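Coordinate inspection notes
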Amino acid sequence: GFKTCVLTNNWVDDSTGRLFTATLMNLLRRHFDLVIESCRLGAQKPDPEIYTYALNVLQAKPQEV
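Residues numbered from 1 in each chain as written. Predicted model: local features only at pLDDT ≥ 70, side-chain atom pairs only at ≥ 80, totals over all residues. Heavy atoms only, no water.

- Going by the annotation in an unreviewed UniProt entry, the name recorded for the protein chain is HYES hydrolase, with Ciconia maguari given as the source organism.

What follows is the structure in structure tokens.
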């Protein structure tokens, strides 16, 4: 089968609407093998580090994704 990943550029939401964001992220996690949030990793797209991290966690090669 295929592994699926969501790679987001997002931020820690400290607004009054943060419950919506948290709920959305929890729903996403149920449908994907991996959800990578830039705010938790400390790197964001288009930084190559975030893509390298995703490849390593998925145990995939660039030509496979």
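Read on for the rest.
Quick notes on helix H3 (residues 48-58)
- Burial in H3 covers these residues: Ile-50, Ala-54, Leu-55 and Leu-58. Viewed end-on, H3 has its buried residues packed into an arc of 135°, placing them on one side of the element. When the buried face of H3 is taken as reference, the exposed residues oriented beyond 90 degrees from it are Pro-48 and Asn-56.
- Against strand E1 (5-8), strand E2 (34-37) and helix H2 (38-41) lie the buried residues of H3.
- A positive backbone phi angle near 55° is found at Gln-59, which sits one or two residues after H3. (Buried < 20%, exposed > 50% of the residue type's maximum accessible area, 1.4 Å probe, protein only. Helix = DSSP H or I, 4+ residues; strand = E, 2+ residues; numbered from the N terminus. Arc of directions from axis to C-beta. Contact = heavy atoms within 4.5 Å.)

Here's the deal with the environment of Asp-13
- Positionally, Asp-13 belongs in the loop between E1 and helix H1 (18-31).
- Discounting chain neighbours no more than four positions away, the residues touching Asp-13 are Arg-18 and Thr-21.

Side note on the pairing of E1
- Burial of E1 is one-sided: the residues Val-6 and Thr-8 facing one way are buried, the residues Cys-5 and Leu-7 facing the other way are not.
- Across four bridges, E1 lies against E2 in parallel orientation. Bridge pairing links Val-6 to Val-35 in E2.
- At this point the chain moves from E1, through H1, to the parallel E2, and the crossover so formed is right-handed. (Pairing = 2+ DSSP bridges. Right-handed = clockwise from strand over helix to strand, strands pointing away.)

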